[in-house]
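# Report on the structure
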Amino acid sequence: MAAPVIVEATVKQTATLIFMHGLGDTGHGWSSALAAIRPPFMKVICPTAPTQPVSLNAGFRMPSWFDLKTLDIGGPEDEPGIQSARDSVHGMIQKEISAGIPANRIVLGGFSQGGALALYSALTYDQPLAGVVALSCWLPLHKQFPGAKVNSDDVPIFQAHGDYDPVVPYKFGQLSASLLKSFMKNVTFKTYNGLSHSSSDDEMDDVKNFITLTLFFSITGHHQ
């Protein structure tokens, strides 16, 4: 696996964002946009997915967190691949905790397939995290929930989706958000009108505000 792209904090580090890119991208795809919006005390880690064949793309090899068989709601999913990717994200969280950053100062995020992985990894992690940023994505293995959830009910989740998304259907994002809201207490689902399968300045401003707020609440004891 390629080394992650790391943007170090510019003052003493007290928080970390681990952000997973979308299918076929690398950690470089998001590092500069995230560096521009993170608070100075936050380190940003943008790992690159391993290169593997992707069924959805006729078996072509590309950076992918797990195999994608279809993007149809309720279609077959690569359960072992999703769980193995989740284990590697949990390992990254653990490494930050070992370096002195508590779980409730760690934000998980991702775009598309990476956002799906961020959601799944956060819900199945056994310590409350600061929050989750889930962009243009879905909740994988959704039939396992709420049973598979081991995290706290009040971990904040910011889910965002463009209503013109031709890749991951907007409806898929909406359904995932409704399911999340049925067992998580702090889910925001934000729609960006006219946005396709990408990000925008408005969305990045909202991500910045979400990260700032969740880290503020982690200091004031909101998660305890």
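Bear in mind that the values here come from a model prediction, so they are computed numbers and not experimental data. (Residues numbered from 1 in each chain as written. Predicted model: local features only at pLDDT ≥ 70, side-chain atom pairs only at ≥ 80, totals over all residues. Heavy atoms only, no water.)

### As for the overall build of the chain
Using the following cut-off: A helix here means a DSSP run of H or I that spans at least four residues, while a strand means a run of E at least two residues long, and both kinds are numbered starting from the N terminus. When we talk radius of gyration, it's over C-alpha atoms, and the globule rule is simply 2.2 Å times the number of residues to the 0.38. The contact rule is simple, with two residues in contact once any of their heavy atoms fall within 4.5 Å. Reported accessibility uses the Shrake-Rupley method at a 1.4 Å probe radius. Residues are deemed covered only where the shown protein chains occlude them. His residues and chain termini do not enter the charge count, which takes Lys and Arg as positive and Asp and Glu as negative. Charge placement uses NZ in Lys and CZ in Arg. For Asp and Glu, CG and CD serve respectively.
Helices and strands together make up the secondary structure of the chain, namely five helices and nine strands. Whereas a compact globule of 224 residues would reach a radius of gyration of roughly 17 Å, the chain reaches 16 Å, a difference of no more than 12%. If one aligns the C-alpha atoms of the chain with their principal axes, the spans along those axes are about 45 × 35 × 35 Å. When contacts within the chain are restricted to residue pairs at least 6 apart in sequence, those whose partners lie at least 24 apart make up 72%. On the chain, roughly 9,400 Å² of surface is accessible, and the fraction owed to carbon and sulfur atoms is 55%. Across the chain, 15 positive and 19 negative side-chain charges occur, with their mean positions spaced 6 Å apart.

### Describing the side chain of Glu203
Filter applied, for reference: Throughout this description, buried means an accessible area under 20% of the type-specific maximum (1.4 Å probe, protein chains only), exposed means over 50%, and partly exposed covers the range between. Basic side-chain nitrogens of Lys or Arg form a salt bridge, by our definition, when they fall within 4 Å of a carboxyl oxygen of Asp or Glu.
Assignment of secondary structure puts Glu203 in helix α5 (residues 201-220). Buried charge without a partner: Glu203 forms no salt bridge, and the closest opposite charge is Lys190, 9.3 Å away.

### Focus on the sheet that holds strand β9 (residues 187-192)
What links the strands of a sheet is backbone hydrogen bonding, and the strands pair in either a parallel or an antiparallel sense. As a reminder, the rule being used: Between any two strands, pairing holds if DSSP finds at least two bridges. Each axis is a line fitted through C-alpha atoms, and for a helix only the stretch in contact is used; angles between axes span 0 to 180 degrees, taken between their N-to-C directions.
If you walk across this open sheet you meet the seven strands as β1-β3-β2-β6-β7-β8-β9, and the pairing is mixed. Where the open sheet ends on each side, the last strands, each with one partner, are β1 (5-7) and β9. Each neighbouring strand pair of the sheet contributes to a mean axis angle of 15°, computed without reference to strand direction. By the bridge criterion, five bridges tie strand β2 (residues 15-20) to strand β6 (residues 106-111) in an arrangement that is parallel. Directly across from Phe19, in β6, lies its bridge partner Gly109. Sheet strands in contact with helix α2 (residues 79-98) are β2, β3 (42-46) and β6, and its direction is about 150° off that of β6.

### Observations regarding the nonpolar core
Side chains that are nonpolar tend, in soluble globular proteins, to be buried together. Rule in force here: The nonpolar core is taken to be a set of buried Ala, Val, Leu, Ile, Met, Phe, Trp, Tyr and Cys residues, with the residues joined through side-chain atoms within 4.5 Å.
Of all hydrophobic cores here, the largest spans 43 residues; its most connected members are Phe66, Leu108 and Trp138. The set of elements that each furnish at least two residues to this core consists of β2, α2, β6, α3 (113-123), β7 (131-135) and α4 (170-183). Here this core takes seven residues from α3, the largest share from any one element. If we ignore the near neighbours within four places in the chain, the residues touching Trp138 are Phe66, Leu68, Leu71, Glu77, Ser112, Gln113, Ala116, Leu119, Val168, Phe172 and Ser176. Among the nonpolar cores identified, the runner-up in size contains 25 residues, and Met42, Ala130, Met204 and Phe210 belong to it.

### Some details on the UniProt feature "domain: Phospholipase/carboxylesterase/thioesterase" (unreviewed entry) in the chain
Quick reminder of the rule: UniProt positions are given in the numbering used here, feature names are shortened, and annotations may be inferred rather than shown by experiment.
When the UniProt feature table is mapped onto this chain, "domain: Phospholipase/carboxylesterase/thioesterase" (unreviewed entry) is found at residues 3-214. In the segment residues 3-214, helix accounts for 33% and strand for 21%; the C-alpha atoms at its two ends are 28 Å apart.

### Describing the packing of aromatic side chains
This is how the line gets drawn: Only the six-membered ring of Trp is used, alongside the rings of Phe and Tyr, when aromatic pairs are assigned; centres must lie within 6.5 Å, and planes under 30 degrees apart are stacked while those over 60 apart are edge-to-face, with the rest tilted.
Tallied over the entire structure, the rule returns seven aromatic pairs. When the centroid spacing of 5.9 Å and the interplanar angle of 0° are considered together, the rings of Phe145 and Phe183 count as stacked. Of this pair, Phe145 sits in the loop between β7 and β8 (157-162) while Phe183 sits in helix α4; the two residues are 38 residues apart in sequence, bridging distant segments of the chain. As far as burial versus exposure is concerned, Phe145 and Phe183 are alike and both buried. Ring-pair connections join several aromatic residues into one group, and the members of that group are Phe19, Trp30 and Phe111.

### A word on the packing of α2 against α3
Heads up, the rule is: In these notes the angle categories are as follows: under 35 degrees is roughly parallel, over 145 is roughly antiparallel, 65 to 115 is roughly perpendicular, and the rest is oblique. The residue classification treats Ala, Val, Leu, Ile, Met, Phe, Trp, Tyr, Cys and Pro as nonpolar and Asp, Glu, Lys and Arg as charged. All others, Gly included, are polar.
Packing of α2 against α3 leaves a shortest axis separation of 9 Å and a crossing angle of 70°. With respect to their mutual orientation, α2 and α3 come out roughly perpendicular. On α3, the residues that touch Ile82, Gln83, Ala85, Arg86, Val89 and His90 of α2 are Leu117, Tyr120 and Ser121. Tallied by class, residues from the contact of α2 with α3 come to five nonpolar, three polar and one charged.

### Quick word on α3
An α-helical turn contains 3.6 residues, so any two residues separated by three or four positions project in the same direction. Where burial is concerned, most of α3 is hidden: 11 out of the 11 residues are buried. Against the buried residues of α3 lie β2, α2, β6, β7, β8 and α4.

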